[in-house]
Amino acid sequence: MTISKSTLRGSNRIKENDKRRVVDETSRKRRQRKVMELLESDNYHDDPHADLVMSKKVPKFEDNLEQRTTRTKKKERTADYYQNKFRKNFQQLVEEDRNEAEENNRVSYMDIKCEESTLPPRHFCAVCGFLGQYNCLSCGTRFCSIRCMDTHMETRCLKWAA
Amino acid sequence: MADAERNASLLRKNDKQKTIQKTVRRGRSSSGNSGTDYCKSDKMNAVVVDSGAFTIKAGHSSRDNPTIIPNCIMKAKSERKRLFIGNQISECRDCSGLYYLLPCERGYITKWDVQKPVWDYTFSKNVCPINDYPVILTQPLFNFKLIQDCMDEIFFEEYEASSMLRLNPTDMARLKYNEDHNLTDDTPVLIIDTGFSFTHVIPYIKGNKYLKGIKRLNVGGKLLTNHLKDIISYRQYNVMEETYVINQVKEDTCYVAEDVKAELKLAEKYGKKNNIVKNYVLPDFNNIRRGYIQDPDKVDEGAENCQILRLNNERFLVPEILFHPSDIGMKSMGIAEAIVKSIFLCPLEYQRALARHILIIGGNCKFPGFKERLFKELRSLLPHLWHVNIYQPEDPILYTWQSGSALLSYPNIKSLLVSKKEYDELGSALIQQRFNHWNNSIVVENEEGKTPSQPSPLEEFSLMNNLKGKSVFGKHDIGTSSSETTTMTPTPTSSRILINLSEILQEAASEPGKEVVGAPGTQSAAAAFAEIVEKNAIITTASAAALASGAAVLPNDNENTNEQTDQDGITAKKIRLRDRSTSQDFPLVPPQEEDPFENLVLFPFGRNSYI
Ligand SMILES: [Zn+2]
Ligand SMILES: [Zn+2]
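Quick caveat: nothing in here was measured; it's all calculated off a predicted structure. (Residues numbered from 1 in each chain as written. Chains lettered and ligands numbered in written order. Predicted model: local features only at pLDDT ≥ 70, side-chain atom pairs only at ≥ 80, totals over all residues. Heavy atoms only, no water.)

## Here's the deal with the coordination of the zinc ion (ligand 2)
Perfect tetrahedral coordination of a metal by four donors corresponds to 109.5 degrees between them, and perfect octahedral coordination by six donors corresponds to 90 or 180 degrees.
All names here are of chain A.
Then, in step 1: The coordination sphere of the zinc ion (ligand 2) contains the protein donors C136 (SG), C139 (SG), H152 (NE2) and C157 (SG), at a distance range of 2.0 to 2.3 Å.
Then, in step 2: Viewed at the metal, the 4 donor atoms of the zinc ion (ligand 2) are separated by angles of 106 to 117°, and the geometry they form is tetrahedral.
Then, in step 3: Expressed as a motif, the donor residue spacing for the zinc ion (ligand 2) is C-x2-C-x12-H-x4-C. In this pair, C136 is assigned in the loop between β1 (134-135) and β2 (142-143) and C157 in helix α7 (residues 146-161), connecting sequence segments 21 residues apart.
Then, in step 4: The exposure class assigned to C136 is buried, which follows from its relative accessible area of 1%. (Donors = N, O, S within 2.8 Å, 3.2 Å for Na, K, Ca; no water. Tetrahedral: all angles 85-135°; square planar, octahedral: opposite > 155°, others 65-115°. Helix = DSSP H or I, 4+ residues; strand = E, 2+ residues; numbered from the N terminus. Buried < 20%, exposed > 50% of the residue type's maximum accessible area, 1.4 Å probe, protein only.)

This is the structure in structure tokens:
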């Protein structure tokens, strides 16, 4: 961790930093995982219709299906039927695939994931986006200037250190 | 910008109406002699469906372009009485705070209660009815077995498709690429498919996916939009709930920089000297339905009461994640590194040819500058004497769907389709193997100069004899198909069955001249095989076939990778060397005396809300 000259310049800030808890490696990793989860999420907010009873009832297109030319109507299944019959979460599916791949000695879903980069990471200021050469003593977040450091301290740093 | 978009959507609507009329007429003429009349014309017609995690591209193969249907159900804050499925979102007055129900997780369908209604909508009579046409449906690489089971059930049992072929989008795209460029079917092609959920790098050698060279980068359009949402929410307004709008912001403003360092320097400039910074007028869903970039030289009266986003380095740093996932802390190589890695994992004799035929498809290719940057990086990472050629189709999103027509003109397409009858007789497990093996059977037949025939299901199994050293996912393992022998170590329980089967298959294989249909050996082999699949899922067609022909099926990983280690060592060294030079001339930014964001008020995360 680098201690920059600009950090040392203000004595108040040093005192502040002393009081500040240094977030350990495990918590930093947990935070990173949370960020990655957020980046994969479908929505940030809750279902706006969650309180409505109708929200579960997805309209069906039976009218249309009935008019298909040569169709018999013997098998009309609800969406729930498929959801219940084929209910497995993503982790379970990956696990099954891995087991089957091992038994058959084939390449699996997990095998083709990209490895870690051999290039050194680049560092951008988390606040303004430009290159950031300093990192936060508490949580390791990058920033570029005192101004951005202050913003970081007031916002995301505290939130995550808690 | 907005006008162009509107025109485009109008055109699409017209196009859609025309095709609906066409299909209705067709449907009438074909009713009665179900599903047979398409065989009469020399080119087969089908319903081609590229079912992506973000949009479904569906349409009859006689059309030039498909209907694009968002693969999701949406809930609007403004309309509590209804759900919007697929294209119905165009009926939604206010798209702020749209809530998404997406059927896919990391690109694979897991929420059937969402996927089923969207498919119902897609195949309803006003959008893209199946009628009696064969269905060509895409599925992601390594589509899990349970998902395929469900797809079978929905399409064969519920939609009563007369026949179906499922394949990876890149399988299809390769055919069109070959056709458009007059290349032979065995030309090595490297396809990069960068979509909503992930980015795949897939080398095709002799028409087959080379499994050991495939790479998946877990960065796609979804992650980029979510990241843009996050940084805008941190720096300007809270737009965390505005995925729909921010995705449009991304599409309208983001681009790939050719040189990030130089671009950052430009973005640091003030006033007129900075031509990167743009003001983006956010839609208010009252006067403005779609946001747009403001022209700095004109007075924009329409945007007077609208909220405006100021975008600067975000414009190019967001797509940058594709090239450097480590920018957001992901421990993964970027797209260019993955391509180089993939090429060097392939057998030496094909590496140069792969670099010569790189095809890029998927929505992320549409970032301006994407292709140029990729070329620049590959050019510097690959050996100087190699030709590097990247082909980006006119529409990288629709290319896969458009390649359906190349697939349908394939001489033995009919033998690749699985009919409803075959599904009823054989069940999901066996037809899935047929889908997964399709690339191989084409190549095998071409190599032997056979004329395409219409095999019965039993004959199809006799083709197992030809499947040397192929894995269950149907990709050719070139490293193991040679005459080298490796010891098989079957599990004790399965060994007896394996040996029995191998004898039967050997018997069948020893009569190559004989007409395969109805050959007693083949029939019993198929029967034995079906029995085994029931009893023991461990044994695959690949292993059985390999046993029969005496070839080894267990790939010797060490032998293969040893050859590559040297190559890898060289590349790694080269990359490291490059790094040193880059990090040296990567300037340290001096503390800024004048802040370019002086006039920009920073709203800490979550305090201010957009709309
Ligand atoms: Zn900064
Ligand atoms: Zn911090």
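## Side note on the confidence of the model for chain B
Residues and elements named next belong to chain B.
Then, in step 1: On average, residues of chain B carry a pLDDT of 75, and 64% of them reach 70 or more.
Then, in step 2: Note on residues 13-40: pLDDT is under 50 here. Beyond four places in sequence and across chains, it has 24 contacts.
Then, in step 3: Long-range and interchain partners of residues 440-611, a stretch whose pLDDT sits below 50, account for 257 contacts in this model, where long-range means more than four residues apart.
Then, in step 4: Both confidence scores are given for the complex: pTM 0.72, ipTM 0.83. (pLDDT = per-residue confidence, 0-100. Contact = heavy atoms within 4.5 Å.)

## Quick notes on the coordination of the zinc ion (ligand 1)
Residues and elements named next belong to chain A.
Then, in step 1: Donor atoms from the polypeptide that bind the zinc ion (ligand 1) are C125 (SG), C128 (SG), C144 (SG) and C148 (SG), placed at 2.3 Å.
Then, in step 2: Within one chain, the residues donating to the zinc ion (ligand 1) are spaced in sequence as C-x2-C-x15-C-x3-C. Summarising the burial analysis for this pair, C144 and C148 share the class buried.

## Some words on the packing of helix α3 (residues 25-40) of chain A against helix α5 (residues 221-235) of chain B
When two helices pack together, their arrangement is given by the angle between their axes and by how far apart the axes lie.
Then, in step 1: In the contact formed by α3(A) and α5(B), the axes pass within 7 Å of each other and the chain directions differ by 110°. In terms of axis orientation, α3(A) runs roughly perpendicular to α5(B). The residues of α5(B) that touch α3(A), namely those facing M36(A), L38(A), L39(A) and E40(A), are K222(B), L223(B), N226(B), H227(B) and D230(B). (Axes fitted to C-alpha atoms, helices over the stretch in contact; angles between N-to-C directions. Parallel < 35°, antiparallel > 145°, perpendicular 65-115°, else oblique.)

## Side note on helix α11 (residues 348-356) of chain B
Then, in step 1: Those residues of α11(B) that sit buried are Y350(B), Q351(B), L354(B) and A355(B). In an axial view of α11(B), the angular spread of the buried residues amounts to 140°, which keeps them on one side of the axis. (Arc of directions from axis to C-beta.)

## Some details on the packing of aromatic side chains
Residue and element names in this part refer to chain A.
Then, in step 1: Applying the stated criterion to the full structure yields 22 aromatic pairs over all chains.
Then, in step 2: With 5.8 Å between their ring centres and 85° between their planes, F90 and Y109 make a pair best called edge-to-face. Taken together, the residues span a long stretch of sequence, with F90 in helix α6 (residues 90-104) and Y109 in the loop between α6 and β1 at a distance of 19 residues. Of the two residues examined, F90 and Y109, each falls in the buried class. (Phe/Tyr/Trp six-rings, centres within 6.5 Å; stacked < 30°, edge-to-face > 60°.)

## Some points on the packing of α5(B) against helix α6 (residues 243-253) of chain B
Residues and elements named next belong to chain B.
Then, in step 1: Where α5 contacts α6, the axes come no closer than 9 Å and their chain directions differ by 100°. Looking at the two axes, α5 sits roughly perpendicular to α6. For the pair α5 and α6, contact is made by G221, L224, T225, L228, K229 and I232 and by T243, I246, N247, V249 and K250, respectively.
Then, in step 2: Across the contact of α5 with α6, the residue classes tally to 5 nonpolar, 4 polar and 2 charged. (Nonpolar A, V, L, I, M, F, W, Y, C, P; charged D, E, K, R; others polar.)

## Side note on the pattern of salt bridges
Then, in step 1: Applying the stated criterion to the full structure yields 32 salt bridges over all chains.
Then, in step 2: With its nearest N and O atoms 3.0 Å apart, the salt bridge here joins D97(A) to R106(A).
Then, in step 3: K116(B) serves as the salt-bridge partner of D120(B), at 3.3 Å between the closest nitrogen and oxygen. Here the residue D120(B) and the residue K116(B) both occupy positions in helix α2 (residues 112-122), the gap between them amounting to 4 residues, near one helical turn. The same class applies to D120(B) as to K116(B), namely buried. (Salt bridge = Lys/Arg side-chain N within 4 Å of Asp/Glu carboxyl O.)

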